[in-house]
Amino acid sequence: MCFLVCTELHFQLNIKKQSLSYLIFLAIQHFCEGLTEYESNLEQVPDPTITTETFQTELGMAYDVLFSSWLQSREPKVLETVLEAIAALFLTLSVDKVSQQTPKIIPFLLNVYKKNVNSFIVTKCLYAVLQKSSCVNGMLLEPLLQNILNGLVDLIVISPDYAQPDLLRSHSEVLRCYESLALHFTDITIDKLLVHMRNNNEKEKLKGLLVITHLISYSAGQTLQRRFKDIIKHINEMFNDSS
């Protein structure tokens, strides 16, 4: 964990070496990714006593430094690198830290979409936060749910442009976000999508249909079973209106 100590010293001393900052962000990202993978295979690792709980103090400290100091960067590349680190780091945080930080990080991420930042990286970070928060306590997301859904729908790609791979990857992460939300907030998520399907704007209709089709086809399918009748009704109405 010496790199976390270096992180703290680096920020406290306010060293303005961008290359060193990038290396520290990458070190945090890769350490957290490795720790998460290690913990998911405890039956096969040499020391099963090593878990995320072993480093809770240091991980929390690293998160605080990144969130309070470096997420405010006006340099898109710096911000993107920090977001990559936070996406990995958030999955390793303690229950208390996640409960404390979820109401802060999600509004920040939704606002970052307005900046000149790669949307894939932002959405990847958002998914990590949603995933961890849902596991800790799904109700943490309830006060933020409408804003999250409003933000996600603008990121849905109706006509794929294979010349923009990051846009397609962002779209895939958006769908994963919907999967997570539909699992814990089925009715609110589906009702929101059905509103889009009733919209007079064809593009909004297609957005709603695309996401619902994905949810039915993939992991959230079983979750939606009790809403199938309502969904099919709206799909039929949508196609009848088009004919």
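To start, this report covers the structure provided alongside it. Source: prediction; values computed, not measured. (Residues numbered from 1 in each chain as written. Predicted model: local features only at pLDDT ≥ 70, side-chain atom pairs only at ≥ 80, totals over all residues. Heavy atoms only, no water.)

Turning our attention to the pattern of salt bridges. Under the criterion given, the structure shown has 11 salt bridges. Across the pair Asp166 and Arg169 runs a salt bridge whose closest N-O atoms are separated by 2.6 Å. Within this pair, Asp166 and its partner Arg169 are both found in helix 8 (residues 165-184), separated by 3 residues, close to a single helical turn. When the shortest N-O distance is used, the salt bridge between Lys205 and Glu202 registers 3.7 Å. Remark: Glu202 and Lys205 occur in helix 10 (residues 202-217); sequence separation between them is 3 residues, near one turn of the helix. A residue is classified by how much of its surface remains accessible, and Lys205, at 7% relative accessible area, is buried. For Glu202, a relative accessible area of 44% corresponds to the partly exposed category. Within the structure, one salt-bridge network assembled from shared partners comprises Asp187, Asp191, Arg226, Arg227 and Asp230. (Salt bridge = Lys/Arg side-chain N within 4 Å of Asp/Glu carboxyl O. Helix = DSSP H or I, 4+ residues; strand = E, 2+ residues; numbered from the N terminus. Buried < 20%, exposed > 50% of the residue type's maximum accessible area, 1.4 Å probe, protein only.)

This paragraph deals with the packing of helix 3 (residues 56-70) against helix 5 (residues 95-112). Contact pair helix 3 / helix 5: the axes reach a minimum separation of 12 Å and the direction vectors enclose 15°. In terms of axis orientation, helix 3 runs roughly parallel to helix 5. In terms of crossing hand, the pair formed by helix 3 and helix 5 is left-handed. When helix 3 is examined against helix 5, the residues Gly60, Tyr63, Asp64 and Phe67 are found in contact with a partner set consisting of Lys97, Gln101, Lys104 and Ile105. Grouping the constituent residues of the contact of helix 3 with helix 5 by class yields 3 nonpolar, 2 polar and 3 charged. (Axes fitted to C-alpha atoms, helices over the stretch in contact; angles between N-to-C directions. Parallel < 35°, antiparallel > 145°, perpendicular 65-115°, else oblique. Left-handed = near helix turned anticlockwise from the far one by under 90°. Contact = heavy atoms within 4.5 Å. Nonpolar A, V, L, I, M, F, W, Y, C, P; charged D, E, K, R; others polar.)

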